[in-house]
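Chain by chain, the residues run as shown.
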Amino acid sequence: MSNVQRSSILFSYDGRYYQPNGDPYTGDQRFDEVTCRVLVSDERIKRYIRDHILDINKATKNTEHEIFVREVTPEEEALVKASGKGDKETSSALRLRVLQCKYPGLSVRELLQKCIDNRLFGCIATVKANSSQGKGRKSKKSQAPEAETESEVATKESAPEPLTGPVQFAILNPSLNKVDLRPHQITSVFKSDTDNQQGAIGTSYLVPYSVNQIVGWVSPLTAMDTGLTEEEVIFMLKCLWDGINNKNTRSKSNQRSLLALKINYKDVLDNPIDGLDELVSIKAPNEEDIRSLSDYTFDFTKLKTALESDTIVSVDYRCTNPIIRSALETAIGKEVWNKFKEIK
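Residues numbered from 1 in each chain as written. Predicted model: local features only at pLDDT ≥ 70, side-chain atom pairs only at ≥ 80, totals over all residues. Heavy atoms only, no water.

Engineer: Any details on the pairing of strand E3 (residues 37-41)? Residues and values, ideally.
Structural biologist: Burial analysis of E3 places five of its five residues in the buried class, the great majority of the element. Side-chain alternation along E3 places Arg37, Leu39 and Ser41 on one buried face and Val38 and Val40 on a second face that is also buried. Across two bridges, strand E2 (residues 31-32) lies against E3 in antiparallel orientation. Considered in E3, the bridge of aspartate 32 is made with arginine 37. (Buried < 20%, exposed > 50% of the residue type's maximum accessible area, 1.4 Å probe, protein only. Helix = DSSP H or I, 4+ residues; strand = E, 2+ residues; numbered from the N terminus. Pairing = 2+ DSSP bridges.)

Engineer: An account of the sheet that holds E3 is needed here, citing residue identities and associated values.
Structural biologist: Spatially, the three strands line up as an open sheet ordered E2-E3-E7, and their pairing is antiparallel. Each end of this open sheet is capped by a strand with a single partner; those strands are E2 and strand E7 (172-174). Where E3 lies against E7, three bridges are found, and the strand directions are antiparallel. Across the sheet, serine 41 pairs through a bridge with leucine 172, a residue of E7.

Engineer: For the pattern of salt bridges, give the residues involved together with the corresponding values.
Structural biologist: If you walk through the whole model with that rule in mind, you get 16 salt bridges. Note that glutamate 287 and arginine 37 form a salt bridge whose closest N and O atoms lie 3.3 Å from each other. Here glutamate 287, found in the loop between strand E11 (281-283) and strand E12 (297-299), pairs with arginine 37, found in strand E3; they are 250 residues apart in sequence, far enough to count as distant. Of the residues examined, arginine 37 reaches a relative accessible area of 19% and is grouped as buried. Between arginine 70 and glutamate 76 there is a salt bridge whose closest N-O contact spans 2.6 Å. (Salt bridge = Lys/Arg side-chain N within 4 Å of Asp/Glu carboxyl O.)

Engineer: Pulling in residues and values, what's your account of the layout of surface pockets?
Structural biologist: Here the largest pocket is characterised by a volume of approximately 330 Å³. Along the wall of the largest pocket there are 19 residues; nearest its centre are Leu54, Asn57, Lys58, Thr63 and Arg70. Counting residues per element, the ones that place at least two in the lining of the largest pocket are helix H1 (42-60) and helix H3 (91-102). The biggest single contributor to the lining of the largest pocket is H1, with six residues. Taken together, the residues of the lining of the largest pocket sort by class into five nonpolar, four polar and ten charged. The volume enclosed by the second largest pocket comes to roughly 250 Å³. As for the second largest pocket, its lining consists of 16 residues, of which Leu176, Gln213, Asp277, Glu278 and Val280 are closest to the centre. At the level of secondary structure, the elements contributing two or more residues to the lining of the second largest pocket comprise E7, strand E9 (201-218) and E11. Broken down by element, the lining of the second largest pocket gets its largest block of residues, three residues, from E7. Looking at side-chain class alone, the lining of the second largest pocket contains seven nonpolar, four polar and five charged residues. (1 Å grid on protein atoms, 1.4 Å probe; cavity = no way out; pocket = protein on both sides within 12 Å on 5 of 7 lines; lining within 4 Å. Points joined across faces, edges and corners; volume = space filled by probe spheres on them. Nonpolar A, V, L, I, M, F, W, Y, C, P; charged D, E, K, R; others polar.)

Following this line, the structure appears as C-alpha cells:
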C-alpha cells in the first residue's frame, strides 16, 4: 500500500536575462504571444529533477537513485554487448538492457520500477526480441532514452501494463508576469561557411525577468502501480529546488527557486483544487518592467481561501527568501498557517 498523499504542487522560480525554456526546433524561448507570458514545459521541469539526481549520484559516487532517462555510458554499452543481450537497440531499449545486466532475473516492469524517475513520471521502453540479430539498423548509442513523458511500456518480448507516472506537471506553464522578449546579437569565432571571412552572427531572444510558476498533481492511486513513496515525492521537490539553483549553463545560470508548495488532501479521492494556477499572482505597476523581486509583490489571497477548506489537511513548503515567506505567512493567517510544514 502506497503512503503517497493526494496533493497539488505549486512551484515558483525566477530568473534574469536568461532563457527559461527554449523551443527545441527554433532555439527561441517558448512564448505565448496572446498573453505575453513565457512558457516552461513539463519536460524541462522533469529534466531539472533528473539532472540533479544524476549530480547527486556523481558527487556521492553511487547510484542509490537509479535514473532511466539518461545517456548510456561506453562502459555500459560494452557490458551489454559482452552479455549478448543485443547491441543494436533504440536508446530506451539499450538503457533497459543495461538494467537487465545490472539486475538479472527481474521482469521488465520490475526493472523499470528500479528507476526513481519511472516511479515518479512513468516511462516508455521498446525492446525488440532478438535485437542482437537485427540488420541495417543504426544504433543510437550514448543517447538518452526517448522516455520524457508518461506513456505505456511496450515490448515484443512481453506486454507489461502501462506504467503511468503518479506525478504530472502541466504541459506548458505560463509565467506570472508579462514579458517583453529582447533580441540580442550573438557572435561566433567560427565561420559558418568556408567562403566567409569572419565568424557567424546570430540573434538570441532573452527574458529580462520572469517569475515562472509550475503546477502539478500527485496521485496516490497511480503511485501504487509504480511503487512511489511519499518520501520520494518530497525528495523530488528538493531536487527541483536545488536543480534550478545549481543549473550552470549559459542560458540558465541566473535562476533561483522562490517558493515550493505541496498541498495535501484529506482523502485519496478528493478532487484537486479548481483553478490551481490562479491561486498565486503578483502585483506590479507594469509587469513588463519588472527586473527584480523589489519591483512587485506576491498576492496569496486566493491561496488562503483555497487552503481554508476542510479537504486540505496540510501543506509542505519551502521558502528561503525572508520577504516572500513573511508575505506568505501574513496573508495566510495563523489558523491556516498551522497546516504548513517546512521541507528541510
